[in-house]
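As a plain string of letters, each chain reads:
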Amino acid sequence: MSIETRLTEVKNKISETAKACGRNPDDIKLIAVTKTYPTSAMNEAIRLGVTDVGENKPQEVRDKFDDVLPVKWHLIGHLQTNKVKYVIDRCCMIHSVDSIKLMQEIERLAKAHNRHIDILIQVNISGEDTKSGISPDELDELLSYAGQLEFTHVKGLMTIAPKGDSEEVSVHFKNMKELFDKTSEKDYKNVSMEELSMGMSGDFQTAIKYGATMVRIGSLIFGPRNYN
Ligand SMILES: *Cc1c(COP(=O)(O)O)cnc(C)c1O
């Protein structure tokens, strides 16, 4: 199947799912996750209308950037402070912020580049130890700290659901949405709860049902990944 066919199917599914739960399909942004795929595939997707791409590794953003048509880049994978330099002037949003130390380093480099950048706080909603992200009770500390930042703006939350059947996944997304709504009611400086990034190829329809505003989809668009 071609990227064109797959992309059309994914967009249709997003749209159908949104409508089925009474949401406006335009409120859900598709982030095409391009990790491990060649820049030729990325450019094909961009020519077909993809506006946002997501990469897992900062080095991959750096290495691919110059060969890819104009598009918005998102860093969605774990970010170490010493790798912020690879994404600071290339990405519009970092989804995987999970410490004050990382917020400080993003701010330091954003300021040095005189460039504003959006971030999401990654929450480990399931409590599974293999997943990165903060626990829900650390969220207040990070969001309070955002008030001290000038070039770095918190736009919402991100999560990755552990693999499981759709009932288990539903519980995590539901909890995440409750946390998102509860947080939205609070008045943190320099925080606006606009984006809830959750849902991948295997669970994006469930995520949409529970209020995702960004879905991160890779293999369903580009086919099976080759990690070598
Ligand atoms: C790889 C990845 C995705 C997309 O995964 P698919 O199953 O290929 O859709 C989404 N989010 C993150 C954080 C990822 O690393």
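Definitions and limits used
- Residues numbered from 1 in each chain as written.
- Predicted model: local features only at pLDDT ≥ 70, side-chain atom pairs only at ≥ 80, totals over all residues.
- Heavy atoms only, no water.
- Buried < 20%, exposed > 50% of the residue type's maximum accessible area, 1.4 Å probe, protein only.
- Helix = DSSP H or I, 4+ residues; strand = E, 2+ residues; numbered from the N terminus.
- Contact = heavy atoms within 4.5 Å.
- 1 Å grid on protein atoms, 1.4 Å probe; cavity = no way out; pocket = protein on both sides within 12 Å on 5 of 7 lines; lining within 4 Å.
- Points joined across faces, edges and corners; volume = space filled by probe spheres on them.
- Nonpolar A, V, L, I, M, F, W, Y, C, P; charged D, E, K, R; others polar.
- Salt bridge = Lys/Arg side-chain N within 4 Å of Asp/Glu carboxyl O.

### Focus on helix 2 (residues 39–47)
Those residues of helix 2 that sit buried are Ala-41, Met-42, Asn-43, Ala-45 and Ile-46. Along its buried surface, helix 2 packs onto helix 1 (3–20), strand 2 (52–55), helix 3 (58–65), strand 3 (72–75) and helix 9 (219–222). Of the residues trailing helix 2, Gly-49 is marked for its positive phi of about 115 degrees.

### Looking at the layout of surface pockets
Counted as a void, the largest pocket has a volume near 630 Å³. Lining the largest pocket are 29 residues; nearest its centre among them are Ile-160, Ala-161, Lys-163, Met-200 and Asp-203. The set of elements that each furnish at least two residues to the lining of the largest pocket consists of helix 7 (166–184) and strand 8 (214–217). When grouped by side-chain class, the residues that make up the lining of the largest pocket number 10 nonpolar, 12 polar and seven charged.

### Examining the pattern of salt bridges
A side chain with one charge can pair with a side chain of the opposite charge if their charged atoms come near. Counted according to the given criterion, the structure contains seven salt bridges. With its nearest N and O atoms 2.9 Å apart, the salt bridge here joins Asp-63 to Arg-62. You can call Asp-63 exposed: its relative accessible area is 51%. Relative accessible area serves as the criterion here: at 32%, Arg-62 is assigned to the partly exposed category. For Arg-108, the salt bridge goes to Glu-105, with nearest N and O atoms at 2.9 Å. With Arg-108 and Glu-105 both in helix 5 (residues 100–112) and three residues apart, the pair spans about one turn of that helix. Each of Glu-55, Glu-60 and Lys-64 takes part in a single network of salt bridges with overlapping partners.

Honestly, that's just the spatial picture; any functional story needs more than this.
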